[in-house]
Amino acid sequence: MAIRKPTPTKEIKGEWSHLDGVAMSVEEFLHIDDTEESDLEYFDGVAWEKGVVDRRHGNLVGDLAYHFGGYKRTHGGEYGPERRVRLSPRRYFKADLAYYAAGSEMGNEVLPTVAVEVRSPDETMAAQRRKCRRYREVGVPVCWLIDPISRSVEVFEGELDGERLPADGVLSTPMLPGFELALRELFAVIAGH
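Criteria and cut-off values
Residues numbered from 1 in each chain as written. Predicted model: local features only at pLDDT ≥ 70, side-chain atom pairs only at ≥ 80, totals over all residues. Heavy atoms only, no water. Phe/Tyr/Trp six-rings, centres within 6.5 Å; stacked < 30°, edge-to-face > 60°. Helix = DSSP H or I, 4+ residues; strand = E, 2+ residues; numbered from the N terminus. Buried < 20%, exposed > 50% of the residue type's maximum accessible area, 1.4 Å probe, protein only. Salt bridge = Lys/Arg side-chain N within 4 Å of Asp/Glu carboxyl O. Pairing = 2+ DSSP bridges. Contact = heavy atoms within 4.5 Å. Arc of directions from axis to C-beta.

A. Summary view of the packing of aromatic side chains. Under the counting rule described, the total for this entry stands at twelve aromatic pairs. With a centroid separation of 5.6 Å and an interplanar angle of 70°, the aromatic rings of Y71 and Y99 are classed as edge-to-face. Linking Y71 in helix 2 (residues 55-75) with Y99 in strand 5 (residues 91-100), this pair joins segments that are 28 residues apart in sequence. With respect to burial, Y71 and Y99 carry one shared label: buried.

This is the structure:
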C-alpha cells in the first residue's frame, strides 16, 4: 500500500484568501471590489489579498483616522480606510488610509492627497516602499509608510523618497496645512504591543 504525502495547505489569511493570486479580468476585480468591499488589490491581471493585519496595525490606522477626522472638521476634505487607488487601467492598490484635501473629489478613481500604508506583519518594508513609490509615480502627492515593528515613519513627498522621520519627529505635510501629529503620540496607541 502506497502512503501519500499530505498536500500542503495554504494558510488561510482572510475572507478573500481564496482569490489571492487568482487571474481575473479588471472588470471581474472591479465588480468584486464594488459589490463586496474586498481587501483585494489588482496588479496586471491578478488579484492579491492585502497583508494580514494585527492589533498594532489596526490601532495605528484607527488612531490616524481619528486625527484625520479632527483635521477634516476644521479644514474640510474627506478621508477613509481601504480606499482603492487606480494606478493604471490594470493596477489598483488599496491604501490603508487616504485623505482627500478640501476641494478635491473622493472616490475610487480619484487620487488621494495623502496615501498611508501601515506595514502588516507579513509584509516587507522593501515591498511597502515600492508601493509608496508607485503611488507617487501616478500623482499621489504624499505617501506615509508607517512601520509598527520599528515604530518609524518614512515620508515619500517632493524630493523625499522614504525619508525616515526622527523618533521625536512630527507627521505633517504642506498638502494638509495645520495637520501635525507627533510620532510619540501616534505610537502611544501601540505601547505594550
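B. Representation of the pattern of salt bridges. Tallied over the full model, the rule gives seven salt bridges. With its nearest N and O atoms 2.7 Å apart, the salt bridge here joins D44 to R91. Taken together, the residues D44 in the loop between strand 2 (40-43) and strand 3 (46-49) and R91 in strand 5 connect sequence positions 47 residues apart. Here D54 makes a salt bridge to R56, at a shortest N to O gap of 3.4 Å. Relative accessible area serves as the criterion here: at 25%, D54 is assigned to the partly exposed category.

C. Representation of unusual backbone geometry. One non-glycine residue, E82, lies in the positive phi region at around 50°. Along the polypeptide, E82 turns up in strand 4 (residues 78-88). Under the relative-accessibility criterion, E82 is labelled partly exposed at 32%.

D. Here's a closer look at the pairing of strand 3. Sheet analysis places strand 1 (residues 22-23) next to strand 3, joined by two bridges and oriented antiparallel. Counterpart to A23 in the pairing with strand 3 is V46. Here strand 2 runs beside strand 3; their pairing, made up of four bridges, is antiparallel. Its bridge partner being in strand 3, E41 is matched across the sheet by W48. In textbook terms, the turn of a hairpin is the stretch between consecutive antiparallel strands, and for strand 2 and strand 3 this stretch comprises two residues, one of which, D44, has a positive phi near 50°.

E. Local environment of the environment of R83. Mapped onto the elements of the fold, R83 is located in strand 4. Sequence separation between R83 and E109 is 26 residues, and the spatial gap between their C-alpha atoms is 9.7 Å. Each residue touching R83, except ones within four places of it in the same chain, is listed here: F93, K94, A95, A98, Y100 and M106.

F. Fine view of helix 1 (residues 26-36). For helix 1, the full list of buried residues reads V26, F29, L30, I32 and D33. The buried residues of helix 1 all sit within an arc of 160° when viewed along its axis, so they share a single face. Those residues of helix 1 that are exposed and aimed more than 90 degrees away from the buried face are E27, H31 and T35.

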